[in-house]
Structure formats: structure tokens, C-alpha cells
Amino acid sequence: MALVHHPVLDRDGGIVATSVTNLDVHDLARSARTYGLAGLVVVTPIEAQRRIVERIIEYWNEPAHARRIPRRREALELVRHAASIEEACALVGGVAGTAPLVVGTSARPDAGRTGWPEARREIHAHPETPRLLVVGTGWGLADEALARCASVLAPIEGSSGYNHLSVRAAAAVILDRLLGSQGPEGAGPQVG
Ligand code: SAM
């Protein structure tokens, strides 16, 4: 999964680079670990921001801190950083041996979105295919980021007209729909 800070939209639809927040990195790393992802790549073109990510990683690799919350270290050791989505793809490709399929996300319903059951089936039918799930910040991924995706998932829709999930909440819901043990029918853990 890639947590993307550029190119994302601001409230006026302009393309900006948002700041990395410690809470996003921790929460998404814990979700990545929970759903068995290979890693979390924090994407920002700003070198000083990538140094912040380095500092978070270093802090949780220090024995004294790792001993304090070992489970947290298990999640934070999945974290990497990259200057762009392309660089994140190269990082994943270097590990997987082939470039990942980039899967985008957005709260905005648009034509051509991939439905959840289809996306889940595809992942489980082809577990050997590396994928990079891309989540945004700010007011969402810019069109140029979505255009880079092989597919874009349909939006999560609640049961009201309100749709302003944080990236932390959205990422957890998305991962559970795609990889959770309960499946789309919510039939409970697959037994037998
Ligand atoms: N309105 C923004 C948008 O269109 O994505 C929400 C931005 S939200 C703060 C940051 C990220 O969380 C989005 O880029 C997307 O990855 C994810 N996200 C938020 N709400 C979502 C939804 N309803 N469905 C799918 N992804 C969502």
C-alpha cells in the first residue's frame, strides 16, 4: 500500500503536496500488518518529509522503544518511503520481481470504478500478482495519480449522504473488504 502525499488535491482542486502525519503512518502500518501486506510506502517528493518517515522508522527500531510496544514495531518495520508513485512501484517491483498493478482509491464515484466483489475475486484468483494499493491524503488523489492506476476501486459508501472518511478509516475498510477473513458476505471467519 502507498500512502500518497503528492499529487493530491487541495480544497480548491489544486494539486499539492500534503505533510506526512505520524498518525497516518502508524495507523496504516498497523492495518498493513493486520492484513498481511508486504509493506507500506509513504510517498512524498519532499526530502525533509521523507526524513520524518526515516525518523519514525528509526525510533521504533531502537530496542528500548521496540521493547515498549513490540507489536507496534512489527507494523512499523513494514514502512518504507519513496519520492513518487513511480518510485514506489520500482520499490515493490524490486522485491516482487515484477512491476505491481497499481490499484487506486477515491471517494468520488466515477465511471469505470471496479466493484468490491470483483476486486476481491481478482486478488484471490491471482495472489502471485503484486499489487500496489494507492490511498491519498488531502482532498484525494489527483487525476494524474488515478490515471496511473490499472484500476480504481469503487468508493466506500456509508448509509448516509456523508462521505468524508479519513485515509486511516478508509484504508482499513478497503483492506478488510479486499483481504479480510470475513469476505464480502460478512459471513464470519471462513471455517473448514
Ligand atoms: N474526498 C476525498 C477523495 O475523493 O478521495 C477524500 C480524501 S481522504 C482524506 C484521503 C483518501 O482516503 C482518499 O484519497 C482515498 O484514498 C481514501 N478515501 C476516503 N474516503 C473514501 C471513500 N469513501 N472510498 C474510497 N476511498 C476513500
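In the block above lies the structure referred to throughout.
All figures in this text were calculated on a predicted structure; none of them were measured in a lab. (Residues numbered from 1 in each chain as written. Predicted model: local features only at pLDDT ≥ 70, side-chain atom pairs only at ≥ 80, totals over all residues. Heavy atoms only, no water.)

**Quick look at the overall build of the protein chain**
- If you tally the helices and strands in the protein chain, you get 8 helices and 8 strands.
- Computed over C-alpha atoms, the radius of gyration of the protein chain comes to 16 Å, within 12% of the 16 Å expected from 2.2 N^0.38 for 192 residues, which places it in the range of a compact globule.
- Referenced to the eigenvectors of the C-alpha coordinate spread, the extents of the protein chain come out at roughly 50 × 45 × 35 Å.
- The buried share of the protein chain, reckoned over its 192 residues, is 42%.
- Look at the contacts in the protein chain between residues 6 or more apart in sequence, and 76% of them connect residues 24 or more apart. (Helix = DSSP H or I, 4+ residues; strand = E, 2+ residues; numbered from the N terminus. Rg over C-alpha atoms; globule rule 2.2 N^0.38 Å. Buried < 20%, exposed > 50% of the residue type's maximum accessible area, 1.4 Å probe, protein only. Contact = heavy atoms within 4.5 Å.)

**Let's talk about the packing of aromatic side chains**
- Counted under the stated rule, the structure contains 1 aromatic pair.
- Seen in terms of ring centroids, Tyr-59 and Trp-60 are 5.3 Å apart; in terms of plane orientation they differ by 70 degrees. Their pairing is edge-to-face.
- A residue is classified by how much of its surface remains accessible, and Tyr-59, at 29% relative accessible area, is partly exposed.
- Given a relative accessible area of 6%, Trp-60 falls into the buried group.
- The ring of Trp-60 carries the charged tip of Arg-72 above its face, separated from the ring centre by 5.7 Å. (Phe/Tyr/Trp six-rings, centres within 6.5 Å; stacked < 30°, edge-to-face > 60°. Lys NZ or Arg CZ within 6 Å of the ring centre and 35° of its normal.)

**So, the site of the ligand**
- Close contacts around the ligand come from 17 residues, with Thr-105, Ala-107, Gly-136, Ile-156 and Asn-163 the closest.
- Ala-107 is positioned with one of its backbone polar atoms (N or O) 3.2 Å from an oxygen atom of the ligand.
- About the coverage of the ligand: the protein hides 90% of its 540 Å² of free accessible area.
- In terms of residue count, the dominant contributor to the shell around the ligand is helix H8 (residues 167-179) (3 residues).
- Looking at the shell around the ligand, its residues break down into 10 nonpolar, 6 polar and 1 charged. (Near = heavy atom within 4 Å. Polar contact = N/O pair within 3.5 Å; in protein donor to acceptor, adjacent residues only side chain to side chain. Areas by Shrake-Rupley, 256 points an atom, 1.4 Å probe, with all protein chains shown as cover. Nonpolar A, V, L, I, M, F, W, Y, C, P; charged D, E, K, R; others polar.)

**Let's talk about the nonpolar core**
- With 32 residues, the main nonpolar core has Met-1, Leu-40, Leu-76, Val-79 and Leu-153 as its most contacted residues.
- Looking at this core, the elements that each hand over two or more residues are helix H1 (22-34), strand E4 (40-43), helix H2 (47-61), helix H4 (70-76), helix H6 (116-125), strand E7 (131-135) and H8.
- Excluding residues within four positions of it along the chain, Leu-40 makes contact with Met-1, Leu-3, Val-25, Leu-28, Ala-29, Leu-78, Val-79 and Arg-80.
- Within the second largest apolar cluster, 18 residues are counted, among which are Ala-2, Val-8, Ala-82 and Val-134. (Core = buried A, V, L, I, M, F, W, Y, C linked by side-chain atoms within 4.5 Å.)

**Side note on helix H5 (residues 85-96)**
- Its 12 residues place the ends of H5 16 Å apart at the C-alpha level, agreeing with the 16 Å of an ideal helix rising 1.5 Å per residue.
- Turning to H5, its buried residues are Ile-85, Ala-88, Cys-89, Val-92 and Gly-93. Taken down its axis, H5 places every buried residue within 135 degrees of arc, on the same side. Relative to its buried face, H5 has exposed residues pointing more than 90 degrees away, namely Ala-90, Gly-94 and Val-95. (Expected span 1.5 Å × (residues − 1). Arc of directions from axis to C-beta.)

**Observations concerning the environment of Ile-15**
- One can find Ile-15 in strand E3 (residues 15-16).
- Using a relative accessible area of 45% as the deciding quantity, one classes Ile-15 as partly exposed.
- Remark: the alpha-carbon pair of Ile-15 and Ile-52, spanning 37 residues in sequence, is separated by 22 Å.
- When sequence neighbours within four positions are dropped, the list of residues in contact with Ile-15 reads His-6, Pro-7, Val-8, Leu-9, Ala-142 and Glu-144.

**Quick notes on the packing of H6 against H8**
- Running from amino to carboxyl end, H6 crosses H8 at an angle of 60 degrees, the nearest separation of the two axes being 8 Å. With respect to H8, the axis of H6 lies oblique. In this structure, H6 contributes Trp-116, Ala-119, Arg-120, Ile-123 and His-124 to the contact, and H8 contributes Ile-174, Asp-176, Arg-177, Leu-178 and Leu-179.
- Across the contact of H6 with H8, the residue classes tally to 6 nonpolar, 1 polar and 3 charged. (Axes fitted to C-alpha atoms, helices over the stretch in contact; angles between N-to-C directions. Parallel < 35°, antiparallel > 145°, perpendicular 65-115°, else oblique.)

**Considerations on the pattern of salt bridges**
- Following the criterion strictly, the structure yields 13 salt bridges and no others.
- Where Arg-168 meets Asp-27, a salt bridge forms, and the shortest distance between an N and an O atom there is 4.0 Å. Taken together, the residues span a long stretch of sequence, with Arg-168 in helix H8 and Asp-27 in helix H1 at a distance of 141 residues.
- Arg-148 is the salt-bridge partner of Glu-86, the closest N and O atoms lying 2.2 Å from each other. Placement of the pair is Glu-86 in helix H5 and Arg-148 in the loop between helix H7 (143-147) and strand E8 (151-152), with a sequence separation of 62 residues.
- Glu-86 sits in the partly exposed class, given a relative accessible area of 43%. (Salt bridge = Lys/Arg side-chain N within 4 Å of Asp/Glu carboxyl O.)

None of the figures reported here should be taken as evidence of function without further support.
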